[in-house]
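Chain and residue survey
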Amino acid sequence: MNSHTQTMKCPRCVQPIHRAAETCPHCGFSIADADLRFGSEEVQLRSLTDSAGVLKRGDRGRVEQAMGRIPLMFPQIFVAVYTGALGEIANLRQFGFWLLNRSAFEDVSVDKPNEAGILLTIDPESKAAGMVYGYLLDPFLKESDTFECLSRAHARWLEGKYADGIIKALAQLEIILRKRCRQARRDPESFQRKVMPPSMTGDPVRRIRAGHRNVKEKATMEVQK
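Described in the following lines is the structure provided in the data block. Please read these numbers as outputs of a predicted model, since none were measured by experiment.

1. Topic: the layout of surface pockets
Empty space within the second largest pocket amounts to approximately 220 Å³. If you go around the second largest pocket, you meet 14 residues; those closest to its centre are Ser47, Met67, Val79, Asp107 and Val108. For the lining of the second largest pocket, the secondary-structure elements that each account for two or more residues are helix H2 (59–73) and strand E5 (78–83). Among the residues forming the lining of the second largest pocket, the class breakdown is 6 nonpolar, 3 polar and 5 charged.

Written out as structure tokens, the structure is:
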């Protein structure tokens, strides 16, 4: 499994690139390009953000329960879901990459960096969805895994059953993570590697963490008043 763990697909041209690359050697894409399109300010939001308003009454609780199952089994990981109208389908991959790198998730512990996050993004207007994950999950997930998760949900999303689709996708994600953990226990050396923070995120990630911490500290102070 070591062969794929140092690489990711460029959010623009979808060619494989090294995680530590500042820019894509094929098309020149960098986090700065995503900032120009979506903004350079850090975004504060909850792990379940339904900006598109597609979750019906009662759906949120079911989705949050499905999201919470994965951190219970894998405490180092968190899952986030975002729905919103993004306009052009071609930008969905770039948007997911940008959002995972720029977000300070208010309801996620500061002990869990964005590099340990899995973000599911849904654009109901264009009927598109994507799943991205931080580099700390590289030994355990592949692009084909996220495609499989999305495929399980596709039919339900086409029918407008967004909560059911999200739950299906997360259930498949849970199955895959369980399988990889069993493999890691049997053959730990195949999963052990030195993880180098990718320079495509760099300082923005540190700013997100600081902002995330400030949000939590402020909330604590307000409770104590």
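Having seen it, we continue.
2. Quick notes on the pairing of E5
Across the 6 residues that make up E5, a large majority, 6, are buried. Burial along E5 is two-sided: the residues Phe78, Ala80 and Tyr82 and Val79, Val81 and Thr83 are all buried. Relative to E5, strand E4 (residues 48–50) runs parallel, the two being bridged by 3 bridges. Residue pairing in the sheet places leucine 48 in a bridge with valine 81 of E5.

3. Here we look at the pattern of salt bridges
When charged atoms on two side chains of opposite charge get close, those side chains can pair. Throughout the structure, instances matching the rule amount to 11 salt bridges. Between aspartate 164 and arginine 62 there is a salt bridge whose closest N-O contact spans 3.1 Å. Of this pair, aspartate 164 sits in helix H5 (residues 162–186) while arginine 62 sits in helix H2, placing them 102 residues apart in sequence. On the basis of relative accessible area, aspartate 164 is assigned to the partly exposed category, the value being 28%. A residue is classified by how much of its surface remains accessible, and arginine 62, at 36% relative accessible area, is partly exposed. Ionic pairing is found between arginine 152 and glutamate 148, a salt bridge with its closest N-O pair at 3.7 Å. Note that arginine 152 and glutamate 148 are positioned in helix H4 (residues 143–158) at a spacing of 4 residues, about one turn of the helix. A relative accessible area of 30% places glutamate 148 in the partly exposed class. One salt-bridge network, in which partners are shared between bridges, spans Asp59, Arg62 and Asp164.

Parameters and conventions
- The written sequence of each chain sets the order in which its residues are numbered from 1.
- Local features in this predicted model are restricted to residues whose pLDDT is 70 or higher, and side-chain atom pairs enter the listing and the counts only when it is 80 or higher, whereas totals over whole chains, interfaces and linings include all residues.
- The side-chain numbers reported here are obtained from all heavy atoms of the structure, hydrogens and water having been left aside.
- Note on definitions: the grid is 1 Å and covers protein atoms alone; a cavity is a set of points where a 1.4 Å probe fits but cannot get out; a pocket is an open set with protein on both sides within 12 Å along at least five of seven lines; lining residues have an atom within 4 Å of a point.
- Grid points are joined across faces, edges and corners, and a volume is the space filled by probe spheres set on the points.
- Comment: elements are numbered from the N terminus, with helices defined as DSSP H or I runs of at least four residues and strands as E runs of at least two.
- Each residue receives one of three labels: charged for Asp, Glu, Lys and Arg, nonpolar for Ala, Val, Leu, Ile, Met, Phe, Trp, Tyr, Cys and Pro, and polar for the others, Gly being one of them.
- Here's how the labels work: a residue is buried when its accessible area is under 20% of the maximum for its type, exposed when over 50%, partly exposed in between, all with a 1.4 Å probe on protein chains only.
- Two strands make a pair as long as DSSP finds a minimum of two bridges between them.
- Within this document, salt bridges are pairs made up of a side-chain nitrogen of Lys or Arg and a carboxyl oxygen of Asp or Glu, the two lying within 4 Å of each other.

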